[in-house]
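Chains, contacts and geometry: an overview
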Amino acid sequence: DGGITQSPKYLFRKEGQNVTLSCEQNLNHDAMYWYRQDPGQGLRLIYYSQIVNDFQKGDIAEGYSVSREKKESFPLTVTSAQKNPTAFYLCASSIGTKTGEEEKLFFGSGTQLSVL
Amino acid sequence: EDQVTQSPEALRLQEGESSSLNCSYTVSGLRGLFWYRQDPGKGPEFLFTLYSAGEEKEKERLKATLTKKESFLHITAPKPEDSATYLCAVNSNSGYALNFGKGTSLLVTP
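The present account deals with the structure reproduced in this document. One numbering rule holds for all chains: residues counted from 1, following each sequence as written. Naming scheme: in the order in which they are written, chains are lettered from A and ligands are numbered from 1. With pLDDT at 70 or above as the cut-off, local features in this predicted model cover only qualifying residues; side-chain atom pairs require 80 or more to be listed or tallied, and sums for whole chains, interfaces and linings still use all residues. Based on all heavy atoms of the structure, the side-chain values leave hydrogens and waters out of the count.

**What about the interface of chain A and chain B?**
- Two residues qualify as a contact provided that any one of their heavy atoms is within 4.5 Å of a heavy atom in the partner residue. At the interface, 23 residues of chain A touch 20 residues of chain B.
- For the pair chain A and chain B, the summed buried area comes to about 1,700 Å², and 53% of that belongs to carbon and sulfur atoms.
- Salt bridges are identified by distance alone: a Lys or Arg side-chain nitrogen within 4 Å of an Asp or Glu carboxyl oxygen. Where chain A meets chain B, there are 0 salt bridges.
- In protein, a polar contact requires one atom able to donate a hydrogen and another able to accept it; more generally it is a pair of N or O atoms within 3.5 Å, and residues adjacent in sequence count only if both atoms are side-chain atoms. Here chain A is connected to chain B by 4 residue pairs in polar contact (both at pLDDT 80 or more).
- Of the residues in the side of chain A that touches chain B, the class split is 9 nonpolar, 8 polar and 6 charged. Each of two parts loses accessible area, computed with a 1.4 Å probe, when they are put together; buried area is these two losses added. Three classes are used: nonpolar for Ala, Val, Leu, Ile, Met, Phe, Trp, Tyr, Cys and Pro, charged for Asp, Glu, Lys and Arg, and polar for all others, with Gly counted as polar.

Next up, the structure:
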């Protein structure tokens, strides 16, 4: 089945530690995104990538880093500089064209990150 | 800057009691308005895309409508399995990704 796989489902971070969240898609989509969701809040965009080897900061990129070395993969690293990392992290992808329903996002099942 | 406001924040309905969720938006050139459903601990699931004022789309007990300033998600005779958070998002000429509202948490009781 085609889809987006996020791992792990739950992740714990110690103070001063960097952690990496995995996101893999087999939908052959060009664009991939990382959103952060806090309780009672909307989804906020961290980073996005419209093509391999290129990515841009979203609204809340500070304390995060990404890479896009393969079309299928868009890992997110939460660095020690992110002082409030506890949140639900969602990876998404889209076909990548800028018209119509092709901008629809397909989401993974999310990773819950907590601080020890 | 694009803004998306959803109301109410939470809604409790009896099974069979129809109602509507609201999504108000301010954007510079709407390219599309999207509705998603999200169950606890899961990723959002796509429901509808609307593009122009007057457009309507239906899926089972759900019907989405769009005006120049807002969208409504009408739920007809809801069932307990319709309980979820419903998210509204917009894509605009000035944006680079979907901009989401905070969602409406819907609880349908038997």
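**A closer look at the pairing of strand E8 (residues 70–75) of chain B**
All names here are of chain B.
- Working definition: with a 1.4 Å probe on protein chains only, accessible area under 20% of the residue-type maximum means buried, over 50% means exposed, and in between means partly exposed. The helix count covers DSSP runs of H or I at least four residues long, the strand count covers runs of E at least two residues long, and both are numbered beginning at the N terminus. Burial along E8 is one-sided: Ser 71, Leu 73 and Ile 75 are buried, and none of Glu 70, Phe 72 and His 74, which face the opposite way, are.
- Strands are treated as partners if at least two bridges between them are detected by DSSP. Inspection of the sheet shows strand E3 (residues 19–26) paired to E8 by 6 bridges, in the antiparallel sense. Residue Leu 21 lies in a different strand from E8, and its bridge partner there is Leu 73.
- Of the strand pairs in this sheet, strand E7 (residues 62–66) and E8 are connected by 5 bridges, and their pairing is antiparallel. Within E8, the position partnered with Lys 63 by the bridge is His 74.

**Brief notes about the layout of surface pockets**
- A cavity here means a set of points on a 1 Å grid, drawn over the protein atoms and nothing else, where a 1.4 Å probe fits but cannot get out; a pocket is an open set with protein on both sides within 12 Å along at least five of seven lines, and a residue lines either one if it has an atom within 4 Å of a point. Grid points are joined across faces, edges and corners, and a volume is the space filled by probe spheres set on the points. Within this model, the largest pocket holds a volume of roughly 1,000 Å³.
- What lines the largest pocket is a set of 44 residues, and nearest its centre among them are Gln 41, Gly 42 and Leu 43 of chain A together with Phe 100 and Gly 101 of chain B.
- Those elements giving two or more residues to the lining of the largest pocket turn out to be strand E4 (31–37), strand E5 (43–51) and strand E9 (87–94) of chain A together with strand E1 (3–7), strand E9 (84–92), strand E10 (99–100) and strand E11 (104–109) of chain B.
- A breakdown of the residues in the lining of the largest pocket according to their chemical character gives 14 nonpolar, 21 polar and 9 charged.
- Volume-wise, the second largest pocket comes out at about 240 Å³.
- As for the second largest pocket, its lining consists of 16 residues, of which Phe 107 and Gly 108 of chain A together with Gly 43, Pro 44 and Glu 45 of chain B are closest to the centre.
- Residues of the lining of the second largest pocket, tallied by class, amount to 7 nonpolar, 5 polar and 4 charged.

**A closer look at the sheet that holds E1 of chain B**
Residue and element names in this part refer to chain B.
- The strand order across the open sheet formed by 5 strands is E1-E3-E8-E7-E6, and the pairing between neighbours is antiparallel. At either end of the open sheet lies a strand with only one pairing partner, and these are E1 and strand E6 (56–59). Across the sheet, the mean angle from the axis of one strand to that of its neighbour is 15°, orientation sign disregarded.
- In the sheet, E1 pairs with E3 via 5 bridges, with the strands oriented antiparallel. Paired with Thr 5 across the two strands is Ser 24, which belongs to E3. The angle between two axes is taken between their N-to-C directions and runs from 0 to 180 degrees, where each axis is a line fitted to C-alpha atoms and a helix contributes only its stretch in contact.

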